[in-house]
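Listed here are the chains, written in short residue letters.
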Amino acid sequence: MSAPGYHVLVVEDDPHLAAGVVENLRAEGYAVDTVNDGRKAVEWFDSHRSDLIVLDVMLPGMDGFAVCSTLRGRGTTTPVLFLTARGDAADRIHGLEAGGDDYLAKPFHLQEFLLRVRAILRRWDWYRASALTQGSDVLKFAGNEVDFRAFRGRSWNGEEQELTEKEAMILKVLAEKPGEIVSREDLLEKVWGYDVFPSTRTVDNFILRLRKRFERDPANPSHFLTVWGVGYRFLSGEQS
Amino acid sequence: MKRLRAFQITVLLLVTVAAVQDGYWLFDQHVRGAEKTQGLIKLYDQQRAASRAMLEAGVPVARVKALFPDLSVSAERVVVAPERQAAMLNEQQRRFTQYSWEGGFFLFALCACIGAIFVALRAETRVLNEQEQFLALVSHQFKTPLASLQLSLETMNLRQLPPERSRALMDRMLADLTRMESMVGQILDSSRLSHGRMELKREPVLLDATVSRVVSQYLERAQTDHISIESQVPAQLQVLADPIAVDAVVRNVLENALAAVAPVGGGKVTLIARAVGTEIELAVRDSGIGFRPSDHEQLFRKFSRLNAGAGSSYYGTGLGLFIVQRLMQLSGGRVSASSEGLGSGAQFLLHWPAEQT
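Just so we're clear, the structure is a prediction, and the values are computed from it rather than from any experiment.

Participant: Help me understand the overall build of chain A in this model?
Facilitator: When helices and strands are counted, chain A shows 8 helices and 12 strands. For chain A, the proportion of its 240 residues judged to be buried stands at 40%. Of the contacts made within chain A by residues no fewer than 6 positions apart, 54% connect residues no fewer than 24 positions apart.

Participant: Help me out: how do you make sense of the sheet that holds strand E7 (residues 279-286) of chain B in this one?
Facilitator: Residues and elements named next belong to chain B. One open sheet holds the 5 strands; their spatial order is E4-E6-E7-E9-E8, and the pairing between them is mixed. The sheet terminates laterally at strand E4 (227-232) and strand E8 (334-338), the two strands that pair on one side only. Mean inter-strand twist for the sheet, computed between neighbouring axes without regard to direction, equals 15°. Those strands touched by helix H5 (residues 207-224) are E4, strand E6 (267-276) and E7, and its axis lies near 170° from that of E4.

Participant: Could you clarify how one ought to interpret the nonpolar core in this entry?
Facilitator: Note that soluble globular proteins tend to have their nonpolar side chains buried in a common cluster. In this structure, Leu207, Val249, Val253 and Leu258 of chain B are the most contacted members of the largest nonpolar core, which totals 48 residues. At the level of secondary structure, the elements contributing two or more residues to this core comprise H5, E4, strand E5 (238-241), helix H6 (243-261), E6, E7, helix H8 (320-330) and strand E9 (346-353) of chain B. The biggest single contributor to this core is H6 of chain B, with 12 residues. The residues contacting Val253 of chain B, other than those within four sequence positions of it, are Val284, Val324, Phe348 and Leu350 of chain B. Counting 39 residues, the second-largest nonpolar core is a separate cluster that includes Leu17, Val32, Leu59 and Val117 of chain A.

Participant: What exactly am I supposed to notice about the pairing of strand E6 (residues 138-141) of chain A here?
Facilitator: Regular strands place their side chains on alternate faces of the sheet. All names here are of chain A. Taking every second residue as pointing to the same face, the buried face of E6 carries Leu139 and Phe141, while none of Val138 and Lys140 on the other face is buried. Alignment of E6 against strand E7 (residues 144-147), held across 4 bridges, turns out to be antiparallel. Each residue of the ladder has a partner; that of Phe141, found in E7, is Asn144. Between E6 and E7, which pair antiparallel and follow one another directly, the connecting turn spans 2 residues, one of which, Ala142, has a positive phi of 45°.

Participant: Got a minute to help me understand unusual backbone geometry in this structure?
Facilitator: Most peptide bonds take the trans form, and the phi angle of most residues other than glycine is negative. Along the chain, Lys106 of chain A connects to Pro107 of chain A via a cis peptide bond; the corresponding omega equals -10°. Following the sequence through the fold, Pro107 of chain A ends up in the loop between strand E5 (102-105) and helix H5 (110-133). The phi angle at Ala142 of chain A is positive, at roughly 45°, despite the residue not being glycine. Along the chain, the position of Ala142 of chain A falls in the loop between E6 and E7. Of the residues examined, Ala142 of chain A has 17 C-beta atoms within 10 Å and is grouped as partly exposed. In this structure, His226 of chain B is a non-glycine residue whose phi angle is positive, near 55°. Looking at where His226 of chain B falls in the secondary structure, it is placed in the loop between H5 and E4.

Participant: How do you make sense of the environment of Glu297 of chain B when you look at a structure like this?
Facilitator: Residues and elements named next belong to chain B. Mapped onto the elements of the fold, Glu297 is located in helix H7 (residues 296-299). Among the residues examined, Glu297 registers 9 C-beta atoms within 10 Å and is labelled exposed. For the pair Glu297 and Ala337, spaced 40 residues apart in sequence, the C-alpha to C-alpha distance is 9.5 Å.

Participant: Just to check I follow, could you spell out the interface of chain A and chain B for this structure?
Facilitator: Quoted interface sizes are often the accessible area lost when the parts come together. The interface is formed by 23 residues belonging to chain A together with 22 residues belonging to chain B. Of all the secondary structure elements, the ones that give two or more residues to the side of chain A that touches chain B are helix H1 (15-27) and H5 of chain A. Its residues assigned to classes, the side of chain A that touches chain B shows 11 nonpolar, 5 polar and 7 charged.

Participant: Please explain the sheet that holds strand E10 (residues 181-183) of chain A as it appears in this structure.
Facilitator: Two orientations exist for strands paired in a sheet by backbone hydrogen bonds: parallel and antiparallel. Residue and element names in this part refer to chain A. With respect to topology, 3 strands assemble into an open sheet ordered E10-E12-E11, the strand pairing being antiparallel. Edge positions in the open sheet fall to E10 and strand E11 (224-227), since each of these has one partner strand only. Going across the sheet, the axis of each strand differs from the next one's by a mean of 35°, ignoring polarity.

Participant: Looking at this structure, I do not really get the packing of helix H6 (residues 165-176) of chain A against helix H7 (residues 184-191) of chain A. What am I missing?
Facilitator: In a pair of packed helices, the angle between the axes and the distance between the axes together describe the arrangement. Residues and elements named next belong to chain A. Orientation of H6 relative to H7, taken along the N-to-C sense of each, is 125°, at an axis distance of 10 Å. The angle between H6 and H7 places the two elements in the oblique class. H6 and H7 meet at a crossing whose hand is right-handed. Contact residues: Lys166, Met169, Ile170 and Val173 in H6; Leu187, Lys190 and Val191 in H7. Classifying every residue of the contact of H6 with H7 by side-chain character gives 5 nonpolar, no polar and 2 charged.

Participant: Can you walk me through the environment of Trp25 of chain B in this structure?
Facilitator: Residues and elements named next belong to chain B. By the element assignment, Trp25 lies in helix H1 (residues 2-56). Since 15 C-beta atoms lie within 10 Å of it, Trp25 is described here as partly exposed. Placed 78 residues apart in sequence, Trp25 and Gly103 show a C-alpha to C-alpha distance of 7.8 Å. Discounting chain neighbours no more than four positions away, the residues touching Trp25 are Tyr99 and Gly103.

Participant: Please explain the packing of H6 of chain A against helix H8 (residues 201-214) of chain A as it appears in this structure.
Facilitator: Residue and element names in this part refer to chain A. Contact pair H6 / H8: the axes reach a minimum separation of 10 Å and the direction vectors enclose 85°. On the basis of the axis angle, H6 is roughly perpendicular to H8. Residues Lys166, Glu167, Ile170 and Leu171 of H6 pack against Phe206, Arg209 and Leu210 of H8.

About the criteria used
- Residues numbered from 1 in each chain as written.
- Chains lettered and ligands numbered in written order.
- Predicted model: local features only at pLDDT ≥ 70, side-chain atom pairs only at ≥ 80, totals over all residues.
- Helix = DSSP H or I, 4+ residues; strand = E, 2+ residues; numbered from the N terminus.
- Buried ≥ 20, exposed ≤ 12 C-beta atoms within 10 Å, placed from the backbone.
- Contact = placed C-beta atoms within 7 Å.
- Pairing = 2+ DSSP bridges.
- Axes fitted to C-alpha atoms, helices over the stretch in contact; angles between N-to-C directions.
- Core = buried A, V, L, I, M, F, W, Y, C linked by C-beta atoms within 7 Å.
- Nonpolar A, V, L, I, M, F, W, Y, C, P; charged D, E, K, R; others polar.
- Parallel < 35°, antiparallel > 145°, perpendicular 65-115°, else oblique.
- Left-handed = near helix turned anticlockwise from the far one by under 90°.

Spatial relationships are all this shows, so hold off on functional conclusions.
Written out as structure tokens, the structure is:
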């Protein structure tokens, strides 16, 4: 498969593993750079951009979770695929809370790794492309405004909102089908892709966060409606 | 942790119950003593009344005295004999003191037993924690070379590679296997050393030959990590120790030095030996990450890994320096480490008894 234009940064301190990952990504057509230290990875983003970070957790300088949190704090929205020897549920959740997009435990299967890389990039492609094809990156509804490219918004009361990429992606999926029911599984598939989370309840938590940001009365929502047992329906001001 | 908490609660209950029981014993003894004293006072009152009646009836004093030996009888007055009165009070005090001591001893013995059990339990918990930590660490350390191994194999399986690429992958796999083998060796050594199952020989060992051999095995890796290794070991220096132990010590200290230098992007490791009195000293200096002087104690502890994550690719199991210290102790030598702080490099000094020629 050729993957023109995509750049992947591999942050891994084990030289053998890093070399294996880099070789395979290059063979798939990705442009790849590699860094073997957590701090250097953060510094790398001062002067470079990437489409994906493959990030080890146990790193010299700064651990992978801290690298991810730091980058997110600085506004870097590049998706992160964690690669780590620590693969228990608590660790996976920690990684995703730090702003990671996917998690692969070592030792991993090469094809699964490549598939996950592809899936993350495909999701981001969809997100960026759909933001552009709709003619505008900005969604306006009932006095709220969301800029999908900047991951920023303003709620009906004038309050500035900074969205996480997951919140923005969920909103994007819902806003693409106004008035239609979108199942939790569809949201998971489009936003997370794989079996990253053990439960679809995770989606519910993100919907709650969106309600707090954009609903006048989050307890009685008029835009992010729950369809019991199925999923959610988004209504812009006009429909509601 | 749960076991320790349950133990602490049980101990607290036991001590509380025992203290209450002790208090009750003392109170009960006090009440019984008081009752007994009151009974005696009543008895003496009755005896005094009877003796007075007998004296008034004209019974001779001597006869009354003989009938009531606990009373001091004279023609004028009848009172309880002072020695009986003192004995009565003494008896009450004696029993109270006896029960106080017995109760105190009982409490002390109970606390001592609980203390002994607590120490044993804490030691067991520490061992369990260490084992748990060890398993987590070992599995983590094994997973990295294992992942690299799997990746190399799957790469060969997935792609059509030119022969030179296949050869490079095979070399990488062999190196990963060597890493894993070295880890297994360390784990076994540490287990034997911990249980005192390692018997060391004492024979003259040429330090120069050992250092040269070990250094040559690490030159390639050092080159990859931009580290230069220099050794100055006079040819005639001989230490009195087990040759395998000397090899393991030099290997582990050198490996530790390389692991400390690699994360800073390269540097220098020097090994300098000299005779100092009846000992041979080998100083291993590196320009690596160093350590805080306050972390000195932790360095040689089992599973201790300062700067977690730093150079994790080479850090193995966290057993290397533990093995060095134990082997040096068993060889009649010693090891010490110093650093001026993080980023200032470190020095390890190894002292073996010298072979007297």
